[in-house]
Amino acid sequence: NALYDEEVVPEKLIAYIKSINLPDDVELLEAEPELQRDVALTIPVFGEAEKIADVLKIHFAPVQHDILRHILNGGSVESKVVYKGNGNQLADAFRQLLDNRLITGCNKDELIQWVKNNFEYKSSRTGKGVAFPDSYLRGIISTNQKSCKNPIIEIKRDETGKYLITVPSRQGKKYDNH
């Protein structure tokens, strides 16, 4: 090999490089699923979890309200809760909460995985819960490119700096039932 030519690379450097113990490829492949499991197990911490649950619960079936609270308080569930509206609205709500530091303890990728593990949205065609595609969540949570036209959560700060988490006020027949 031309790099090992003593005229290009000194012999001491060649000896040093050869003495470095690198792990086998097999060890690297075995370590990777461990890293993936850590990401999947990361649970976001919700500041104001009860207020957030109160605002979000109107978008879930009443039988799922306690489960929603449990999830937002760091609990795990066997089956996912189904959001009754458009999936982009729920993803936007989590993005707003993260942007306002009402979600901590995770990064955007971990939040995306957590949403995928705990939520589905109701299909307008079948009426059944549908899993969130990774790229869909990433486009909403990781970027500000896809803005939500009808957000389900509004976050403001009062004059003391305390967060006010509310349902956005809407007008019209479509919103009178909420």
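Everything in this summary refers to the structure shown in the same document. The structure presented is a predicted model; accordingly, all values stated were derived computationally and were not measured. (Residues numbered from 1 in each chain as written. Predicted model: local features only at pLDDT ≥ 70, side-chain atom pairs only at ≥ 80, totals over all residues. Heavy atoms only, no water.)

Scanning the protein chain from terminus to terminus reveals seven helices and seven strands. Along the chain direction, N to C, the helices and strands of the protein chain fall in the order α-α-β-α-α-β-α-β-α-β-β-α-β-β. With 178 residues in all, the protein chain has 31% of them scored as buried. Of the contacts formed within the protein chain by residues at least 6 apart in sequence, a portion of 58% connects residues at least 24 apart. In the form shown here, the protein chain has an accessible surface area of approximately 11900 Å², with 50% of it arising from carbon and sulfur atoms. (Helix = DSSP H or I, 4+ residues; strand = E, 2+ residues; numbered from the N terminus. Buried < 20%, exposed > 50% of the residue type's maximum accessible area, 1.4 Å probe, protein only. Contact = heavy atoms within 4.5 Å. Areas by Shrake-Rupley, 256 points an atom, 1.4 Å probe, with all protein chains shown as cover.)

As a further point, take a nonpolar patch on the surface. Taken together, the side chains of Leu 13, Tyr 16, Ile 17 and Ile 20 define a hydrophobic patch exposed on the protein surface, amounting to about 380 Å² of accessible area. Take Ile 20: it is sitting in the loop between helix H1 (11-19) and helix H2 (25-41). According to the relative accessible area criterion, Ile 20 is partly exposed, its value standing at 40%. (Patch = residues over 30% accessible without salt bridge, like charges linked within 9 Å, V, L, I, M, F, W, Y side chains within 5 Å. Salt bridge = Lys/Arg side-chain N within 4 Å of Asp/Glu carboxyl O.)

Summed over the entire model, instances satisfying the criterion amount to nine salt bridges. Where Lys 51 meets Glu 48, a salt bridge forms, and the shortest distance between an N and an O atom there is 3.5 Å. Of the charged contacts, one joins Arg 69 and Asp 54 as a salt bridge, the two residues approaching to 2.6 Å between their closest N and O atoms. With Arg 69 in helix H4 (residues 65-72) and Asp 54 in helix H3 (residues 49-56), the pair connects residues that are 15 residues apart, well separated along the chain. Among the ionic contacts, a cluster of salt bridges with common partners joins Glu 50, Asp 54, Lys 57 and Arg 69.

Grouped together as the largest cluster of nonpolar side chains are 35 residues, with contacts concentrated most on Leu 72, Phe 94 and Phe 119. Sorting the residues of this core by element identifies H3, H4, strand E2 (81-83), helix H5 (87-99), helix H6 (108-118), helix H7 (134-141) and strand E7 (163-166) as the ones contributing at least two each. Broken down by element, this core gets its largest block of residues, six residues, from H5. Look past the residues within four positions of Leu 72 in its chain and what remains in contact with it is Phe 46, Ala 49, Ile 52, Ala 53, Leu 56, Phe 94 and Trp 114. (Core = buried A, V, L, I, M, F, W, Y, C linked by side-chain atoms within 4.5 Å.)

Remark: the centre distance and the inter-plane angle together describe each pair of aromatic rings, the angle taken between the planes. Going through the model one piece at a time under the given rule, you end up with ten aromatic pairs. On the basis of an interplanar angle of 65° and a centroid distance of 5.7 Å, the ring pair of Phe 60 and Tyr 83 is categorised as edge-to-face. With Phe 60 in the loop between H3 and H4 and Tyr 83 in strand E2, this residue pair connects regions lying 23 residues apart in the sequence. Comparing Phe 60 with Tyr 83, the two get one shared label, buried. Among the aromatic side chains, those forming a connected cluster through ring pairs are Phe 46, Phe 60, Tyr 83, Phe 94, Trp 114 and Phe 119. (Phe/Tyr/Trp six-rings, centres within 6.5 Å; stacked < 30°, edge-to-face > 60°.)

Locating Asn 86 in the fold gives a position in the loop between E2 and H5. Once the C-alpha coordinates of Asn 86 and Cys 148 are considered, the two residues, 62 residues apart in sequence, prove to be 10.0 Å apart.

Buried residues of H4: Leu 68, Ile 71 and Leu 72, and no others. Projected onto a plane normal to the axis of H4, the buried residues spread over an arc of 95° and lie on a single side. Its buried side turned inward, H4 meets strand E1 (45-46), H3, E2, H5, H6 and strand E4 (119-122). (Arc of directions from axis to C-beta.)

Interpretation note: all reported values are geometric properties and have no functional meaning in isolation.
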